[in-house]
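# Descriptive structure summary
Given next are the chains, with one letter for each unit.
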Amino acid sequence: MTGQISTRLAELGIELPQAPAPVAAYVPYVQTGNLVFISGQISILDSNEIGTGVVGNDLTPEQGQQAARNSAINTLAHLRNACGSDLDKVRRCVSLRIYVASAPGFTGQPAVGNGASDLIVEIFGDAGKHSRAAVGVTALPLNCAVEVESLWEIS
Amino acid sequence: MTGQISTRLAELGIELPQAPAPVAAYVPYVQTGNLVFISGQISILDSNEIGTGVVGNDLTPEQGQQAARNSAINTLAHLRNACGSDLDKVRRCVSLRIYVASAPGFTGQPAVGNGASDLIVEIFGDAGKHSRAAVGVTALPLNCAVEVESLWEIS
Amino acid sequence: MTGQISTRLAELGIELPQAPAPVAAYVPYVQTGNLVFISGQISILDSNEIGTGVVGNDLTPEQGQQAARNSAINTLAHLRNACGSDLDKVRRCVSLRIYVASAPGFTGQPAVGNGASDLIVEIFGDAGKHSRAAVGVTALPLNCAVEVESLWEIS
């Protein structure tokens, strides 16, 4: 990668992991027209242990935010593949859906979700500005704290 | 606004609020092609206090329905902006995703969701008929009772 | 139906039910361009009693998987209508969103979701390979164990 976005990733000190294999019977992304639908990405990264647990019980909101950032990084690893390794093909992040494993009464999903949203805007600038929903769910696959599902427009 | 839909809103006695600012780092909507993706809208309206709490604990199903209606009204405020103030440009409400903060064992999400669905059909007629999912979640941003995410086709 | 997919359904011994009526004020699907958005389908089938309850409390993961399969069958009943009875028009299953009614601490949503994903791949082959998100929610309409929302590309 030698494009603008890969340079930006390097500036931010982010090395994308190998795209993680789906944890069940599905594919990481599907493209239809210019739209790429990326499967829900969990918040577990090899390099970061703060990806599992329930926010409000096991994790603080700040740790949840870090977990959301992990999900965004896993998302970008698949997006890079969807773009044939050239992230400069990204025209727009259309939407993120952010599921936060939440204790009853924990209502800070917006701040948790910013761990993903802020990173994407930092990397892509205006093209990274997306619509979003963030909700608190009971439990997530592999006990991860955050799952992020996303839709992208590429050229 | 002097179009058909704004007239219908006036007939129904609905005054759309100023589009509420997102509660975190994202934008209220993104358009790609003819599709407009509107961010999850919470159920808090200045004029209505029944927007927060957990349905089945703090709120009755009827209050949950009112909360869903609030989320639909906030949605329309953003949709109006997406249409350059002319809601007559709406060709179709494609889908709603309705998240209801639910006590364990509360399974009346469909009736709660009708607070949003019925209003949209009342306003847009056949163009308002949408696909939908309604689910019960643990907790929502700012302790709101309902969050509605939506997709629209506009001309 | 005499197409390839209807033959495949017969081989698998699957008879699609009458498309179930929506349980509230919405329509079963909306088409925009080549995309068909199918409403969230619950896991209750006349022929199968294992469609209700909370996975991890009332149901085992295997029963949850069966419930997810039920939701997929209900989905196909609507998809068939969207295709004017000819399922050979399906070009791609774009995405599934799988909501699993989950006890706190139940994190096996991926295996549960495979009840839907595997069936769709069995029927459609490569065209059935989809992106996916699976999450654990508090409660679902009519106490069903699984709800599946889906997006399809048709010709």
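Refer to the structure above for everything that follows.
Read on for an overview of the structure. (Residues numbered from 1 in each chain as written. Chains lettered and ligands numbered in written order. Predicted model: local features only at pLDDT ≥ 70, side-chain atom pairs only at ≥ 80, totals over all residues.)

In terms of helices and strands, chain A carries three helices and five strands. Element order for chain A, N to C, with α for helix and β for strand: α-β-β-α-β-α-β-β. The C-alpha radius of gyration computed for chain A amounts to 15 Å, which stays within 12% of the reference 15 Å derived for 155 residues, consistent with globular compactness. Classification of the 155 residues of chain A by burial places 57% in the buried group. Pairs at least 24 residues apart make up 81% of the contacts formed inside chain A by residues separated by at least 6 positions. (Helix = DSSP H or I, 4+ residues; strand = E, 2+ residues; numbered from the N terminus. Rg over C-alpha atoms; globule rule 2.2 N^0.38 Å. Buried ≥ 20, exposed ≤ 12 C-beta atoms within 10 Å, placed from the backbone. Contact = placed C-beta atoms within 7 Å.)

This brings us to the nonpolar core. Grouped together as the largest cluster of nonpolar side chains are 144 residues, with contacts concentrated most on A:Val137, A:Val146, B:Val137, B:Val146, C:Val137 and C:Val146. Sequence-distant contacts of C:Val146, that is, excluding residues within four places in its chain, are made with C:Ser43, C:Gly64, C:Ala67, C:Ala68, C:Ser71, C:Ile98, C:Tyr99, C:Val100 and C:Val112. (Core = buried A, V, L, I, M, F, W, Y, C linked by C-beta atoms within 7 Å.)

This part covers the sheet that holds strand β1 (residues 29-32) of chain A. Residue and element names in this part refer to chain A. Overall, mixed pairing links the five strands, which are arranged β1-β2-β5-β3-β4 in an open sheet. This sheet does not close on itself; its edge strands, each paired only once, are β1 and β4 (131-137). Each strand of the sheet is rotated relative to its neighbour by a mean of 15 degrees, with strand direction disregarded. Sheet topology note: the strand β2 (residues 35-42)/strand β5 (residues 146-154) ladder contains six bridges and is antiparallel. By the bridge assignment, phenylalanine 37 is partnered in β5 with leucine 151. Packing against the sheet, helix α2 (residues 61-82) makes contact with β1, β2, β3 (90-101) and β5, and its axis sits at approximately 35 degrees to β5. (Pairing = 2+ DSSP bridges. Axes fitted to C-alpha atoms, helices over the stretch in contact; angles between N-to-C directions.)

Time to look at the interface of chain B and chain C. Contacts between chain B and chain C engage 28 residues on the former and 22 residues on the latter. At the level of secondary structure, the elements contributing two or more residues to the side of chain B that touches chain C comprise β3 (90-101), α3 (109-124) and β4 (131-137) of chain B. Residue contributions to the side of chain B that touches chain C peak at eight residues, all from α3(B). Grouping the constituent residues of the side of chain B that touches chain C by class yields 11 nonpolar, 12 polar and five charged. (Nonpolar A, V, L, I, M, F, W, Y, C, P; charged D, E, K, R; others polar.)

This brings us to the relation of the copies chain B and chain C. Rotating chain B by 120 degrees and moving it 0.0 Å along the rotation axis overlays it on chain C with an RMSD of 0.0 Å. Put plainly, the chains are arranged around a three-fold axis. No C-alpha of chain B lies nearer the rotation axis than that of B:Val137, which sits 3.0 Å from it. Interface residue correspondence from chain B to chain C reaches only 7%, placing this contact among heterologous pairings that use different surfaces. (Least-squares fit on C-alpha atoms with pLDDT ≥ 70 in both.)

Another aspect to go through is the relation of the copies chain A and chain C. You can overlay chain A on chain C at an RMSD of 0.0 Å; the transform is a turn of 120 degrees with a shift of 0.0 Å along its axis. An asymmetric contact is evident, with only 9% of the interface residues of chain A recurring at the interface of chain C.

With respect to the element layout, A:Ala24 can be found in the loop between α1 (4-11) and β1. Remark: the alpha-carbon pair of A:Ala24 and A:Ser47, spanning 23 residues in sequence, is separated by 22 Å. When neighbours within four sequence positions are excluded, A:Ala24 is seen to be in contact with C:Pro110, C:Ala111, C:Gly113, C:Asn114 and C:Ser117.

Positive phi values are uncommon outside glycine, yet B:Leu142 reaches one of about 55 degrees. You can call B:Leu142 partly exposed: it has 16 C-beta atoms within 10 Å. A positive phi is found at C:Ser85, a non-glycine position, where the angle reads about 75 degrees. For C:Ser85, the position within the fold is in the loop between α2 (61-82) and β3 (90-101). For C:Ser85, a count of 11 C-beta atoms within 10 Å gives the class exposed.

To continue, consider the interface of chain A and chain C. Contacts between the two partners involve 22 residues from chain A and, on the opposite side, 28 residues from chain C. Listed by contribution, the elements that provide at least two residues to the side of chain A that touches chain C are β1, β2 and β5 of chain A. Examining the composition of the side of chain A that touches chain C, we find that four residues originate from one element, β2(A), more than from any other.

Moving on to the pairing of strand β2 (residues 35-42) of chain B. Residues and elements named next belong to chain B. Buried residues dominate β2, accounting for seven of its eight residues. For strand β1 (residues 29-32) and β2, the ladder comprises four bridges, and the chain directions are antiparallel. Its bridge partner being in β2, glutamine 31 is matched across the sheet by valine 36. Here β1 folds back onto β2, and the loop between the two strands holds two residues, one of which, glycine 33, carries a positive phi near 60 degrees.

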